[in-house]
Structure formats: structure tokens, C-alpha cells
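# Inside the fold
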Amino acid sequence: MSFLGFGRPQPTSAEKIAAVENELKVIAEMHTRMLKVCTSKCIDKTYREGELSKGEAVCLDRCSAKFFEAHQTISEQLQKEGAARGFGGGM
């Protein structure tokens, strides 16, 4: 609870745990989507070799970096919009 009822109330432990669980869910979903997209884009379906080729490895590295960068940009924008509307996004 805030001092004298002013300001934003502090989240409870249950709310903090729920926020962390939600963040983990979002990260897991992003990872699953990234694997699906980057694997289909970068890895040959015939699996000629047991190891990734240099081209496949570079493609996966670039694809995952771009995917993560886009996710970060979108997350930051959503947090800004949420803060502008009065939804406290930070912990």
C-alpha cells in the first residue's frame, strides 16, 4: 500500500509471481515461434549432413537475432503505450 493512499499501490507477492509466470510464458512462446520460423527458413529439409553447414549456422544466427530484435522493439513499444494509458508495466 502506498503512503497515505497516494501514488500507485505496490504489487502483492501473488501479482509479482503472476507477472513473472506470464513473462516466462511469453518468452517460451517467442522461442517456439523463432525455432519454427528460422528452422524452416534456414535448414535444408533433406538433412544431408549431421552438422549444420556454415551457411545454415549463419542464417540461423541472423534470423534469431532479427527475431529477438523485433520482439524487443515491439515489447518496448507496448510498454510505452501501456504506461501512457496508465497501466503500470514495470516491476
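Residues numbered from 1 in each chain as written. Predicted model: local features only at pLDDT ≥ 70, side-chain atom pairs only at ≥ 80, totals over all residues. Heavy atoms only, no water.

The chain is annotated in an unreviewed UniProt entry as Mitochondrial import inner membrane translocase subunit from Corynascus novoguineensis. Taken directly from UniProt, the Subcellular location (unreviewed entry) text for the chain runs: "Mitochondrion inner membrane". (UniProt positions renumbered as here; feature names shortened; annotations may be inferred.)

This part takes up the state of the cysteines. Considering all chains together, one arrives at 2 disulfides under this definition. Disulfide partner of Cys-38: Cys-63, at an S-S distance of 2.0 Å. Between Cys-38 and Cys-63 the sulfur-sulfur dihedral comes to about -85 degrees; the bridge is accordingly left-handed. Of this pair, Cys-38 sits in helix α1 (residues 13-42) while Cys-63 sits in helix α2 (residues 54-85), placing them 25 residues apart in sequence. Grouping residues by exposure puts Cys-38 and Cys-63 together as buried. Linked covalently through their sulfurs, Cys-42 and Cys-59 form a disulfide whose S-S length is 2.0 Å. One quick way to see it: the torsion about the S-S bond of Cys-42 and Cys-59 is about -65 degrees, and its sign makes the bridge left-handed. Taken together, the positions of Cys-42 in helix α1 and Cys-59 in helix α2 put the pair 17 residues apart, joining distant regions of the chain. In the chain, numbering the disulfide-bonded cysteines from first to last in sequence yields the connectivity 1-4, 2-3. (Disulfide = S-S within 2.5 Å. Helix = DSSP H or I, 4+ residues; strand = E, 2+ residues; numbered from the N terminus. Buried < 20%, exposed > 50% of the residue type's maximum accessible area, 1.4 Å probe, protein only.)

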